[in-house]
Amino acid sequence: MKKLILSVALMGLCSSAFSQQALWGGSEIVSPGINDDKTVTFRFFAPDASKVQITGDFLPTVNVDTPYGVTQAPGVADLTKNEDGLWEYTSPALSPELYGYSFIVDGLRVNDPSNVYLIRDISTLTNVFLIPGDYADNYKVSDVPHGTVSKIWYPSESLGTDRRLTVYTPAGYENTEKKYPVLYLLHGSGGDENAWSELGRATQILDNLIAAGKAEPMIVVMTNGNAGMQAAPGETSAGFTPPTTRLPKTMDGSFELSFPEIVNFVDSHYRTSADKEHRAIAGLSMGGFHSMQISKEYPDMFDYVGLFSGVFTPREGVKSPVYENIDEKLARQFADAPKLYWIAVGDSDFLYDANKEYRKYLDDHKYPYSYRESKEGHIWKNWRIYLTEFLPMLFK
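1. As for the overall build of the protein chain
Item 1. When its secondary structure is counted, the protein chain shows eight helices and 20 strands.
Item 2. The C-alpha atoms of the protein chain give a radius of gyration of 24 Å, which matches the 21 Å a tight globule of 396 residues would have.
Item 3. A principal-axis box enclosing the C-alpha atoms of the protein chain has dimensions of 85 × 55 × 45 Å.
Item 4. Classification of the 396 residues of the protein chain by burial places 49% in the buried group.
Item 5. For the protein chain, the proportion of contacts with a sequence separation of at least 24, taken over those separated by at least 6, is 73%.
Item 6. Of the accessible surface of the protein chain, which amounts to about 19200 Å², a share of 54% is contributed by carbon and sulfur atoms.
Item 7. Charged side chains of the protein chain number 36 positive and 50 negative; the gap between the two group centres comes to 2 Å.

2. Structural notes on the sheet that holds strand β8 (residues 86–90)
The strands making up a sheet associate through hydrogen bonds between their backbones, and the pairing can be parallel or antiparallel.
Item 1. Read from one edge to the other, the open sheet built from four strands follows the order β1-β2-β8-β7, with strand pairing classed as antiparallel. This sheet does not close on itself; its edge strands, each paired only once, are β1 (33–34) and β7 (80–81).
Item 2. Inspection of the sheet shows strand β2 (residues 40–45) paired to β8 by five bridges, in the antiparallel sense. Within β8, the residue paired with T41 across the bridge is T90.

3. Brief notes about the confidence of the model for the protein chain
Item 1. Per-residue confidence for the protein chain gives a mean pLDDT of 92; residues scoring 70 or more make up 91%.
Item 2. Here residues 1–22 is a poorly scored stretch, pLDDT under 50, and it has one contact once near neighbours within four places are set aside; other chains count.

4. Quick word on the pattern of salt bridges
Item 1. One pass over the full model with this rule turns up 17 salt bridges.
Item 2. Sharing partners across several salt bridges, the network here consists of R164, E193 and E235.

5. A few points about the packing of aromatic side chains
Item 1. If you walk through the whole model with that rule in mind, you get 31 aromatic pairs.
Item 2. One aromatic cluster is present, built from ring pairs that chain together F42, F44, F58, Y99, Y101, F103 and F129.
Item 3. Taking the ring centre of Y173 as reference, the NZ or CZ of R271 above it sits at 4.1 Å.
Item 4. Sitting over the ring of Y139, R384 keeps its end group 5.6 Å from the ring centre.

6. Digging into the environment of D143
Item 1. Structurally, the position occupied by D143 is in the loop between β12 (124–131) and β13 (148–156).
Item 2. Exposure remark for D143: the relative accessible area of 83% places this residue in the exposed category.
Item 3. Each C-alpha atom, one on D143 and one on A211, is 9.7 Å from the other, the two residues being 68 residues apart in sequence.

7. Digging into the pairing of β13
Item 1. Inspection of the sheet shows β13 paired to strand β14 (residues 161–169) by nine bridges, in the antiparallel sense. Across the sheet, P155 pairs through a bridge with D162, a residue of β14.
Item 2. What sits between the antiparallel neighbours β13 and β14 is a turn of four residues, in which G160 has the positive phi angle 70°.

8. Description of the sheet that holds strand β17 (residues 279–284)
Item 1. Here we have eight strands laid out as an open sheet, ordered β13-β14-β16-β15-β17-β18-β19-β20, and mixed in their pairing. Of all strands in the sheet, those with a lone pairing partner are β13 and β20 (370–374), marking the two edges. Within the sheet, the average angular offset between the axes of one strand and its neighbour, ignoring direction, is 20°.
Item 2. Relative to strand β16 (residues 219–222), strand β15 (residues 182–186) is paired through four bridges, and the arrangement is parallel. Bridging from a neighbouring strand, L183 pairs with V220 of β16.
Item 3. Where helix α5 (residues 286–297) meets the sheet, it contacts β15, β17, β18 (304–308) and β19 (340–346), and its direction lies at approximately 145° from that of β17.

9. Digging into unusual backbone geometry
Item 1. Following S31, the chain continues into P32 via a peptide bond in cis, with omega recorded as 0°.
Item 2. Phi at D106 is positive, roughly 50°, even though this residue is not glycine.
Item 3. Position of D106 relative to the elements: it lies in the loop between β9 (97–105) and β10 (108–110).
Item 4. Judged by its relative accessible area of 47%, D106 is partly exposed.
Item 5. Even without glycine at this site, R201 takes up a positive phi of about 55°.
Item 6. Summarising the element assignment, R201 is placed in the loop between α2 (195–198) and α3 (202–211).

10. As for the environment of F265
Item 1. Along the polypeptide, F265 turns up in helix α4 (residues 254–269).
Item 2. The exposure class assigned to F265 is buried, which follows from its relative accessible area of 11%.
Item 3. Sequence separation of F265 and K329 is 64 residues, and the distance between their C-alpha atoms is 25 Å.
Item 4. Residues within four places of F265 in sequence aside, it is in contact with I152, W153, Y154, P155 and L165.

11. Examining helix α6 (residues 326–335)
Item 1. Listed in full, the buried residues belonging to α6 are I326, K329, L330, Q333 and F334. Along the long axis of α6, the arc covered by the buried residues comes to 125°, so they all point the same way. Facing away from the buried side of α6 by more than 90 degrees, the exposed set consists of E328 and A335.

12. A closer look at α3
Helical periodicity: at 3.6 residues per turn, an α-helix aligns residues three or four positions apart in one direction.
Item 1. Across the ten residues that make up α3, a large majority, nine, are buried.
Item 2. Of all the residues in α3, the buried ones are A202, T203, Q204, I205, L206, D207, N208, L209 and I210.
Item 3. Phi turns positive, to about 75°, at G213, one or two residues after α3.

Parameters at a glance
Residues numbered from 1 in each chain as written. Predicted model: local features only at pLDDT ≥ 70, side-chain atom pairs only at ≥ 80, totals over all residues. Heavy atoms only, no water. Helix = DSSP H or I, 4+ residues; strand = E, 2+ residues; numbered from the N terminus. Rg over C-alpha atoms; globule rule 2.2 N^0.38 Å. Buried < 20%, exposed > 50% of the residue type's maximum accessible area, 1.4 Å probe, protein only. Contact = heavy atoms within 4.5 Å. Areas by Shrake-Rupley, 256 points an atom, 1.4 Å probe, with all protein chains shown as cover. Lys, Arg positive; Asp, Glu negative; His and termini not counted. Charge placed at Lys NZ, Arg CZ, Asp CG, Glu CD. Pairing = 2+ DSSP bridges. pLDDT = per-residue confidence, 0-100. Salt bridge = Lys/Arg side-chain N within 4 Å of Asp/Glu carboxyl O. Phe/Tyr/Trp six-rings, centres within 6.5 Å; stacked < 30°, edge-to-face > 60°. Lys NZ or Arg CZ within 6 Å of the ring centre and 35° of its normal. Axes fitted to C-alpha atoms, helices over the stretch in contact; angles between N-to-C directions. Arc of directions from axis to C-beta.

Structure, rendered in structure tokens:
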């Protein structure tokens, strides 16, 4: 009987240990190791591998052809193997920024098993690390009052389904009767309502800028611009569907036509200053396209417009009332010009020429706007910087 009790106890202990094995499954390898001189050492244990490389946005870029033209992508560097089977690579000194990276082991892209910090960008999971300083200090969780981030569902009658928003309310919102201005912040192709809060560090940027008195306290509504989706992949009743950029109803006018439903929902469920001078809209890439189209479609809705690495021309063959009479609609919008119409793009962005062409159109029609040109291309590094610069200009 004692043997039976002992056996059962051991089985229970083993079962408990198995169910909690993650407690002891951590790696002792330090990777990435951020050094005092701001170089970073990456390590990967693979004694049987023939070749280990790293790719990341801290490496020199290479040119890649896209349907829109040539863009830049992160380069690749080789790791060196020591006698114990540990591969290492140390970067040059890095400027302050949030960086992403992955390993390539014998041709297979893998994540760093020593780094638990990952961000999903469409269908790719990438490890991340932060070099502090300059703009990047705004991307940190600092010891300041924090806003609240909520995932809110709203009914869309025009799209025939409930859909989800990510909503940021500033620190102190719950403890006051004050009304707040609203920024509607839109993602790019393949993104969703999680993109700006995760990849864009929008909530950290907002907390830090508001706490420093550099930005007005505001509500920020991060939408899902894919009108055929309810919410981010894996977070709807559709289940674990593979993320993709090839989604229906993204740039066909559906989202733009349905947008007043979002504004009406936000105004009815939050304490907003519900007028043009207290509303802003901004977005990156496809979200820049949506922001341009929505703001001219509803010229009395937004007094602040931000177009980050935007697209401006509808896809060939796409028919929608939103994309008709664009010249007349822009003339109506600029007849009572927004307080801020801000365009930003990188000098090697594959949409640089499209932005140049749109600015020429605005210049030819004498429509006022502000322009920011940065280095590099179609990357989150630029969009985080643009948001950091755009927010302090709002609601002044």
